[in-house]
Structure formats: structure tokens, C-alpha cells
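The residues making up each chain are set out below.
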Amino acid sequence: MAEAPEFVQPSDGNGIVLWQEHRTDQSMDQRNTTFGEQVIPSRPKENAESRRPSLSLTEEAELVNRARMDPSAFEELYETNYSTILNYLYRRTLSTAVAEELTSNTFFKALRGLRGFRSRPNVPFRSWLYRIASNEAKMYWRSSKRHPAPLELPDDDCLRVSFSWAGRADPERTREKLQQYARLHRAILRLKERYQAVLGLRYFEGMKHEQVAEILGRKVGTVKSLIHRALKELAAVLHDMDATL
Amino acid sequence: MKDTDGIEKLFEQTPRPRIADGPHRARLKRQLVARLQDSRRAPRILRWLVPAAAAACVAVAAVMLVVNGTPSVYAQAVEALRRAKTVHARAFRIVDGKEKLGAEIWYDAELGVRERTIARDGSVAGEMLDNGEFRWTYNSAKKTVIKDASRDPVGHIAEILEFDRKLAKRPFKKVPGADQTIDGVSCLAYESRAEKQNVAQRVWIDPQNRVRRWEEVWWKDGKEVVDERCKIAYDQPLPKERFDPTFGVGVKVVDLTKATPMALEKSLIRKEVLGLVLTVHKVLRLDHGSLMLAWSHRPTKETLSRHRASHTMSSGNVLGRAEVQTGWRRLEDGTERSIQPMNIAVWNGDGVGTAWTVLIPKGPWPRPLEAIDLQFRVYTSGTLKEELEKKKQPWFLYRFDLGRLDLPEEAVTMEAACREVYQHAAWVHTRYGPRTVLLTGKMRPLTEKEKEYEMKRFGRTRKEVEGITIEPLHEVSRITPDEFVENVQANYTKLTEH
């Protein structure tokens with residue numbers, strides 16, 4: 001193993017060159033002594049997202065730019081977006097385990113692709129994460145189509161799930177509402193993947209057509225048309241399901 | 001009324017489930033952090049082997065991309081390597097056509113990873129062992145092992161696999177007639193040639209999309225010369241004792257995981273300036289008349305509320321910095337004496353920049369100092385600096401009076417003070433990561449290359465650059481407490497000599 005590396009603080013451009021510079025021929029007042037920032041990883045701080053104020057687009061763009069060089073900035077992005085992506089993928093898959101796995105894939109891919117990421121005006125970073133997550137959901141759906149698993153609602157999942165308007169936490173009521181969602185979810189799973197994506201983003205994530213278009217990389221008109229056709233097809237699927245029952 | 005109104009209403013009526021975060025959140029973050037740390041560490045840890053193994057592993061991924069044309073095959077190739085139960089890689093330098101072992105790496109998915117670097121004379125230069133709980137870094141020259149927290153050995157291997165940015169973009173072509181049977185397995189040869197650089201990467205992959213061999217070749221007078229070679233074997237039984245933390249007789253172990261922190265909660269002096277807070281937490285009188293300060297700078301709460309996006313709590317104070325500026329004092333006899341600061345350690349984390357600075361009174365003083373007037377240079381940076389500039393307000397202060405600090409009567413040895421700093425640094429290191437805290441190395445003059453850079457970059461004269469010395473900084477896991485004490489004492493001696 002080679003000798004330990006040296007870390008020398010780079011110049012700040014003001015002539016203060018190194019972490020600590022000693023000039024024996026100068027008086028104290030003229031000396032430059034400085035130490036600077038080192039990029040560092042974070043300490044474990046969990047579930048901090050809820051305490052974080054939302055970032056403006058400018059602030060976010062700055063954070064994304066820094067994240068390319070500064071791992072701690074990427075952690076900040078992670079903390080800000082983890083819950084959103086996990087929840088999106090949960091609503092797409094209705095399985096905690098799968099949602100967590102796909103969330104992991106999403107963030108690892110984001111980490112790898114960050115250098116090549118180019119932010120666009122008025123488009124939040126989260127849109128990019130949504131796009132990666134949507135692709136993950138698509139790949140999962142394709143594989144699960146070949147090996148369909150029964151759509152179950154494990155008790156552990158039910159304990160972690162809540163509904164914003166469900167009133168007091170009540171496992172039985174939660175399960176009931178989850179069953180209601182699951183019925184719709186089952187119907188959506190029978191649609192083409194592109195229909196699933198637009199419906200999920202539009203109705204469960206509550207996005208505008210423009211945002212959906214941005215995430216899916218399609219024109220707004222195309223998205224509107226896709227949503228319309230998806231709704232019609234969904235109505236037919238639900239009708240079939242009711243008829244089967 | 002639209003024909004889809006009914007179904008839209010159904011969406012409105014169907015509740016939207018929300019799932020609470022579980023342990024996965026922290027686990028994934030740890031994995032991401034480990035990946036980030038490893039990606040920053042890898043070139044330094046493995047030096048020789050990583051580029052070789054990485055190039056090989058990545059090359060195969062690139063080959064997959066070219067051959068099969070789908071990213072999923074690339075992913076499959078990486079996954080296949082990741083799924084390996086064991087990996088044994090040997091990297092060779094090719095000298096006069098003969099293989100000279102340069103590094104060796106053993107990876108067992110259950111036991112961890114061990115890497116060994118071989119010096120040119122054939123001796124073991126160093127080793128790293130990570131068993132998922134602890135990491136041991138052995139330096140044979142120092143006969144020392146530094147025991148540290150694990151950095152995710154699986155992630156370490158995974159990182160090797162993903163060293164792909166440069167090579168993955170290169171077009172690999174099949175090399176007719178270069179296919180080989182390696183360890184009884186028929187492997188296909190592919191090559192990526194960089195004509196301008198007169199170099200090529202060549203890989204052999206097995207039917208399971210795993211790289212078995214990698215070579216770097218170049219051409220001298222039209223004749224092919226192999227420079228480096230890496231051989232990789234998968235899923236072969238590896239000796240379990242390879243993963244025992246044993247490094248030979250008489251090796252000293254420095255256990256960073258048992259370090260204790262220095263009490264830095266107290267504020268001896270605290271003042272706000274330019275939207276930052278400067279605090280002195282601790283002062284020690286050293287036995288030879290010097291002082292040691294532990295001090296910090298951070299944004300004020302108001303600054304933080306306005307610049308949250310710029311300021312991540314996991315990094316240091318990205319909105320500013322400060323330097324001890326305590327300069328000189330006029331004595332009663334009219335003569336002047338100076339006090340020279342010497343930084344010995346720095347920790348940037350938790351939203352704060354913390355430093356340990358030795359203050360060296362220069363020349364003869366009539367009596368020991370009873371108090372000291374502290375001055376700092378203070379700079380803002382980032383969005384805070386921009387904000388102040390926009391308001392046409394100063395964004396730095398050349399001299400800021402923090403106030404008078406009474407000094408303790410009792411003195412401690414410099415060695416004891418340094419060891420206390422090392423303990424704190426080790427404590428930080430194991431909790432916040434290897435790059436958060438850095439300790440001083442021995443001062444040295446600039447190398448000729450550095451001098452040339454200084455002159456070119458900043459227009460300095462030869463005389464100026466000759467007068468510059470620098471202090472390298474070391475990660476805690478790279479130096480022992482004894483070395484740190486030695487470095488500080490050497491620097492102190494050098495400064496007091498003048």
C-alpha cells in the first residue's frame with residue numbers, strides 16, 4: 001500500500017494558496033494562514049425530511065450543482081426527496097418491500113447519473129427523480145407481468161400506511177381504505193404501462209399535465225390524450241371486474 | 001359532461017395511501033454515503049489495483065453494451081459480478097515481459113474484503129481488511145494497524161465495478177484470434193484502442209459476462225507491449241484466515257473506534273460578525289509557553305434561516321471561514337512581540353468549522369501571558385457573500401476583535417494536548433467519515449512542480465515561492481497519535497527556529 005496521501009487545500013484565488021502557509025520573511029500581519037472547507041460525508045440523521053423547509057427552484061438548482069462535487073449536498077437532496085419517491089413507488093406497486101427496493105435503485109441511479117444531469121429552468125430536480133422512479137416502476141411491472149405475484153396487503157404494511165383524511169389511526173379502517181385503493185390499483189395494473197404512469201402521476205401524485213409531460217418526456221397534448229384514453233380504458237376494466245364479481 | 005367524468009370522480013373518492021418511512025431510509029442513506037465515500041477514497045486506497053480491476057470490470061460492461069446493444073445487459077454484467085460469492089484479483093506490472101505482482105484482492109461476500117499492495121521489491125507495502133464491522137489499515141513501514149469503522153466492503157467492490165465513466169464510453173471491438181481459455185473457461189477477447197494515446201485496453205470475458213482478464217497494451221516501434229495485467233477469478237474457495245485481522249508480530253494497533261471526544265460544548269468567548277458566530281471553546285496553556293485554542297465558526301440562526309439551501313448540516317460552515325489573526329503586542333518597554341498561530345487540526349462537519357490552533361509567542365516575553373486578545377480574519381462565502389455584496393456591505397473583515405481570553409494557570413505538555421486532539425479527531429472520524437477531520441502533517445517546502453504552478457497560476461516570483469512552505473493534511477486513519485505529536489512538534493520547532 002502506498003504512503004498516505006497529502007491533502008493540500010487548493011488556492012482560493014486570492015493568493016491564499018494552501019491550507020497553512022508560512023513565510024518566515026514576513027511579519028505576522030502580512031502572513032497568510034488559512035484553512036478551508038473539506039467536503040465531508042454526513043452523520044446519520046434519520047427521518048429529517050419532515051423538518052426540512054421546501055427549497056425554491058433557485059436554491060434547489062444550487063444544491064444540485066453542489067451535489068455534483070459535494071456528497072453532503074447529495075445527501076440533502078436525498079433527505080428532501082426520499083419520502084416523496086418512496087410514496088410514489090408504493091402507490092405504483094402497493095408493496096412496501098418493492099417500493100423500498102425500487103427507491104434504492106432510483107437513488108443509486110440518480111447518484112450515478114448526477115454528473116450528466118442538466119437542470120432546466122422551472123423544472124424541479126424532483127421531476128428527474130420521478131422519471132427514474134417511473135422507469136423503475138415500469139421495469140418492475142414488466143417483470144411482474146411475467147411472474148405475477150398475488151396482491152396482498154401484509155399487516156406490517158397496513159401499520160405503516162395512513163390516509164390523510166382517514167381521521168384517527170384505526171388499523172381496521174386503514175385496511176378498509178387500503179382495500180378500496182387496492183381495487184383501483186388492480187384495475188390500473190391491467191392497463192398498459194404508459195397509462196399506469198400517467199394516471200399515477202396525474203391523480204395520485206396530483207400533478208399538472210405539464211409536470212406529467214416533463215417527467216415522462218412527452219408533449220402536454222400527448223399526455224392529455226393519454227390520460228383521456230387511460231380513463232376510458234380503466235372504466236372498461238372496472239366494469240369487467242364488477243361484472244366478474 | 002365528459003365521458004370520463006365518472007371515473008375521474010372515482011379517483012377523487014379513492015383515498016391516497018401514504019406510507020411512513022421505515023428503517024430503509026437510514027439504511028439506504030448509509031449505503032449511498034458509503035458509495036460516495038468509497039468513490040472518493042478508491043483511487044487513494046487501491047492506487048494501483050483499482051484502476052486495473054476497475055478498468056477490467058468496466059470494460060466488460062462496456063463490451064456488453066456494444067455487443068448486445070442494451071443497457072440491461074450492462075446491468076446484468078455488473079449484477080453478475082456483484083453476485084459473486086468470492087472474487088480473487090491479482091494485478092501485475094509487466095517488467096521485461098515478466099509478471100510482477102503489484103496488488104492482490106480477496107473478496108468474500110460473507111467475510112469481507114482484503115487488499116494487499118506489494119512494493120516493487122516484492123515486500124508487502126500495506127494491507128486493508130474490512131469485515132463489514134471494522135476496517136483495518138496496515139502500514140508495513142510504520143508497523144502500525146489503524147482499526148476503524150467498516151466502510152461497507154460490498155459497496156467497495158461494487159464501486160470497483162462502477163468505475164465506468166471513462167471506459168464504458170469507449171467502443172470495444174472483438175479481437176479475432178485473441179480469444180483464450182482462462183482457468184478452463186473459454187473467454188472472448190475485446191479491445192478498446194485509443195489511437196492518439198497509443199494505448200489499448202483489452203479484456204477477456206467468460207460466458208457469464210464476467211471479466212476474467214484485463215490488460216493495458218501499447219505499441220513501441222510497432223511492437224505490442226503489455227504494461228499491466230489483471231487476473232480475476234470468481235467463486236473459488238478462499239482461505240478463511242485471509243480475513244482474520246492479523247498483520248504479523250509486533251504490529252501496533254491504533255483503535256479509533258474507542259476514541260473519546262473532547263468537551264467542546266462550552267463557549268469561553270462567543271461573538272457574532274458578518275452573519276457568522278465565532279466561538280472559542282477551549283484554551284490550554286502548553287508547558288513551553290504556547291497556547292492551544294479549540295475554536296469554531298458557524299452561521300448565526302438568522303443567517304441559517306435565509307441560506308438553508310446553501311448550508312448543509314452535514315458539511316462544515318459553507319457560508320464562511322475564519323482564521324486566527326492574533327498578531328503582535330507592544331510591551332511596556334516599547335518593543336513588539338508577535339504571536340504566531342499554527343493550525344494543527346480541522347474538522348468541518350455538523351454545519352460548523354472547528355479548528356485547533358497552537359499560538360506561539362515569538363521572542364522573549366517578560367512573563368508568562370495571563371490573558372490574550374484574540375483577533376480573527378473573517379470571510380463570508382457562497383450565498384451569504386453574494387447577499388452582502390448585493391447590499392454593498394463588506395463581506396470580510398481583515399481584523400475582528402473577538403475579545404480578551406483569560407488563560408489557565410496550569411500547563412499541560414504539548415504531547416498530551418495533541419493526543420487529546422487526536423482522540424477527538426478519531427471520535428469524529430468514526431462518526432462523521434474519513435474526510436471530515438484532518439490532522440496536520442510535517443511542513444515542507446513546495447516541490448518544483450508546485451512552485452511552477454504557483455508562479456504560473458498566481459504570478460508569484462521565484463523568490464516568493466521559495467519562501468513558501470506547506471503543511472499537508474492527513475486523514476486520521478492514515479497517521480498514528482505518535483506521528484501526529486511528532487508532526488506538531490516538528491512544525492513548532494521549525495516555526496520557533498526563525
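No experiment lies behind these values; they were computed from the predicted model shown.

*Asks:* I would appreciate a short explanation of the overall build of chain B in the present structure.
*Replies:* The secondary structure content of chain B amounts to 11 helices and 28 strands. Among the 498 residues that make up chain B, the fraction classed as buried is 57%. For chain B, the exposed surface amounts to about 22,600 Å²; the carbon and sulfur share of it is 51%.

*Asks:* How should I be thinking about the overall build of chain A in this particular structure?
*Replies:* The secondary structure content of chain A amounts to 9 helices and 2 strands. The helix and strand sequence of chain A, counted from the amino end, reads β-α-α-α-α-α-β-α-α-α-α. A separation of at least 24 residues holds for 61% of the contacts in chain A among residues at least 6 apart in sequence.

*Asks:* Got a minute to help me understand unusual backbone geometry in this structure?
*Replies:* Residues other than glycine predominantly adopt negative phi, and peptide bonds predominantly adopt the trans conformation. If you check the backbone angles, Lys143(B) has positive phi at about 50° while not being a glycine. Secondary-structure assignment places Lys143(B) in the loop between strand 6 (134–139) and strand 7 (144–149).

*Asks:* It is not clear to me how the sheet that holds strand 23 (residues 396–406) of chain B should be interpreted in this structure. Could you clarify?
*Replies:* Strand pairing in a sheet is mediated by backbone hydrogen bonds. Such pairs are either parallel or antiparallel. Residues and elements named next belong to chain B. Taken in spatial order, the 3 strands line up as 18-22-23 in an open sheet, and their pairing is antiparallel. Each of the sheet's edge strands pairs with one partner strand only, and the pair in question is strand 18 (320–324) and strand 23. Sheet twist, expressed as the mean angle between neighbouring strand axes with direction ignored, is 30°. For strand 18 and strand 22 (residues 371–380), the ladder comprises 5 bridges, and the chain directions are antiparallel. Paired with Gly320 across the strands is Thr380, a residue of strand 22.

*Asks:* What is the right way to read the nonpolar core from this model?
*Replies:* If you look at soluble globular proteins, the nonpolar side chains tend to sit buried side by side. Membership of the largest hydrophobic core comes to 62 residues, with the highest contact counts inside it found for Leu89(A), Phe107(A), Phe125(A), Leu199(A), Leu234(A), Phe11(B) and Leu32(B). It is helix 2 (residues 71–93) of chain A that contributes the most residues to this core, 10 residues altogether. Not counting the four nearest positions on each side in its chain, Leu32(B) is found in contact with Phe74(A), Tyr78(A), Phe107(A), Phe108(A) and Leu111(A). Core analysis: the second largest hydrophobic core is formed by 37 residues, Met262(B), Leu264(B), Trp427(B) and Tyr492(B) among them.

*Asks:* Could you clarify how one ought to interpret a positive patch on the surface in this entry?
*Replies:* A surface patch of like charges, here positive, comprises Lys192(A), Arg194(A), Arg218(A) and Arg229(A). Within the secondary structure, Arg229(A) is located in helix 9 (residues 220–244).

*Asks:* What is the right way to look at the pairing of strand 7 of chain B in this model?
*Replies:* One face of the sheet, then the other: side chains in a regular strand alternate in exactly this way. Residues and elements named next belong to chain B. Counting buried residues in strand 7 gives 5 out of 6 residues, a clear majority hidden from the surface. Judged from the 6 bridges that link them, strand 6 and strand 7 form a sheet pairing that is antiparallel. Looking at the pairing, Asn139 lines up with Thr144 of strand 7. The hairpin turn running from strand 6 into strand 7, its antiparallel successor, is 4 residues long, and Lys143 in that turn takes a positive phi close to 50°. Pairing between strand 7 and strand 14 (residues 252–255): 4 bridges, direction parallel. Of the residues in strand 14, the one forming a bridge with Val145 is Val253.

*Asks:* I tried to follow the confidence of the model for chain B on my own but got confused; where do I start?
*Replies:* Low-confidence regions, as indicated by low pLDDT, have predicted coordinates that should not be scrutinised in detail. All names here are of chain B. Overall, the prediction assigns chain B a mean pLDDT of 79, with 84% of residues at 70 or greater. In this model, residues 40–76 is a region of pLDDT below 50 whose contacts with residues beyond four sequence positions or in other chains number 98 contacts. Every residue in residues 161–167 scores below 50 in pLDDT, and together they form 24 contacts with partners more than four places removed in sequence or on other chains. In the model output, the complex is listed with pTM 0.51 alongside ipTM 0.71.

*Asks:* Before we go on, may I ask you to explain the packing of helix 2 of chain A against helix 3 (residues 96–113) of chain A in this structure?
*Replies:* Helix packing for two helices is described by the angle between their axes and how far apart those axes are. All names here are of chain A. Running from N to C, helix 2 and helix 3 point in directions that differ by 140°, and their axes come no closer than 8 Å. Taken as axis vectors, helix 2 and helix 3 run oblique relative to one another. As for how helix 2 packs across helix 3, the hand of that crossing is right-handed. Each of Phe74, Tyr78, Asn81, Tyr82, Ile85, Leu86, Leu89, Tyr90 and Thr93 in helix 2 lies in contact with helix 3, whose residues at this interface are Thr96, Val98, Ala99, Glu100, Leu102, Thr103, Thr106, Phe107, Ala110 and Leu111.

*Asks:* Looking at this structure, I do not really get the side chain of His297(B). What am I missing?
*Replies:* Residues and elements named next belong to chain B. Structurally, the position occupied by His297 is in strand 17 (residues 291–299). His297 sits in the buried class, given a relative accessible area of 1%. Side chain to side chain, His297 and Asn317 meet in a polar contact 2.9 Å long.

*Asks:* Where do I start with the packing of aromatic side chains in this structure?
*Replies:* Any aromatic ring pair is given by two values, namely how distant the centres are and how the planes are angled relative to each other. All names here are of chain A. In the structure shown here, the tally under the stated rule is 14 aromatic pairs over all chains. Geometrically, the ring pair formed by Tyr88 and Tyr130 is edge-to-face, given 5.0 Å between the ring centres and 75° between the ring planes. Taken together, the residues span a long stretch of sequence, with Tyr88 in helix 2 and Tyr130 in helix 4 (residues 125–146) at a distance of 42 residues. Residue classification places Tyr88 among the buried positions, given a relative accessible area of 0%.

*Asks:* Help me understand the pattern of salt bridges, please; the structure alone is not making it clear to me.
*Replies:* Close approach of charged atoms allows side chains with opposite charge to pair. Residue and element names in this part refer to chain B. Scanning the model with the defined rule gives 35 salt bridges over all chains in all. The residue Asp130 makes a salt bridge to Arg135 at a minimum N-O spacing of 2.8 Å. Between Asp179 and Lys174 there is a salt bridge, with its nearest N and O atoms 2.9 Å apart. A single network of salt bridges, built from pairs that share partners, joins Asp183, Asp206, Arg210, Arg212 and Asp235.

*Asks:* Sorry if this is basic, but what is going on with the packing of helix 8 (residues 414–432) of chain B against helix 11 (residues 481–497) of chain B here?
*Replies:* Residues and elements named next belong to chain B. Between helix 8 and helix 11, the shortest axis-to-axis distance is 9 Å and the interhelical angle comes to 130°. With respect to helix 11, the axis of helix 8 lies oblique. Considering the relative orientation of helix 8 and helix 11, their crossing is right-handed. Seen from helix 8, the contacting residues are Met414, Glu415, Cys418, Arg419, Val421 and Tyr422; seen from helix 11, they are Pro481, Asp482, Phe484, Val485, Val488, Gln489 and Tyr492. Residue composition of the contact of helix 8 with helix 11, grouped by class: 9 nonpolar, 1 polar and 3 charged.

Calculation notes
- Residues numbered from 1 in each chain as written.
- Chains lettered and ligands numbered in written order.
- Predicted model: local features only at pLDDT ≥ 70, side-chain atom pairs only at ≥ 80, totals over all residues.
- Heavy atoms only, no water.
- Helix = DSSP H or I, 4+ residues; strand = E, 2+ residues; numbered from the N terminus.
- Buried < 20%, exposed > 50% of the residue type's maximum accessible area, 1.4 Å probe, protein only.
- Areas by Shrake-Rupley, 256 points an atom, 1.4 Å probe, with all protein chains shown as cover.
- Contact = heavy atoms within 4.5 Å.
- Pairing = 2+ DSSP bridges.
- Axes fitted to C-alpha atoms, helices over the stretch in contact; angles between N-to-C directions.
- Core = buried A, V, L, I, M, F, W, Y, C linked by side-chain atoms within 4.5 Å.
- Patch = residues over 30% accessible without salt bridge, like charges linked within 9 Å, V, L, I, M, F, W, Y side chains within 5 Å.
- Salt bridge = Lys/Arg side-chain N within 4 Å of Asp/Glu carboxyl O.
- Lys, Arg positive; Asp, Glu negative; His and termini not counted.
- Charge placed at Lys NZ, Arg CZ, Asp CG, Glu CD.
- pLDDT = per-residue confidence, 0-100.
- Parallel < 35°, antiparallel > 145°, perpendicular 65-115°, else oblique.
- Left-handed = near helix turned anticlockwise from the far one by under 90°.
- Polar contact = N/O pair within 3.5 Å; in protein donor to acceptor, adjacent residues only side chain to side chain.
- Phe/Tyr/Trp six-rings, centres within 6.5 Å; stacked < 30°, edge-to-face > 60°.
- Nonpolar A, V, L, I, M, F, W, Y, C, P; charged D, E, K, R; others polar.

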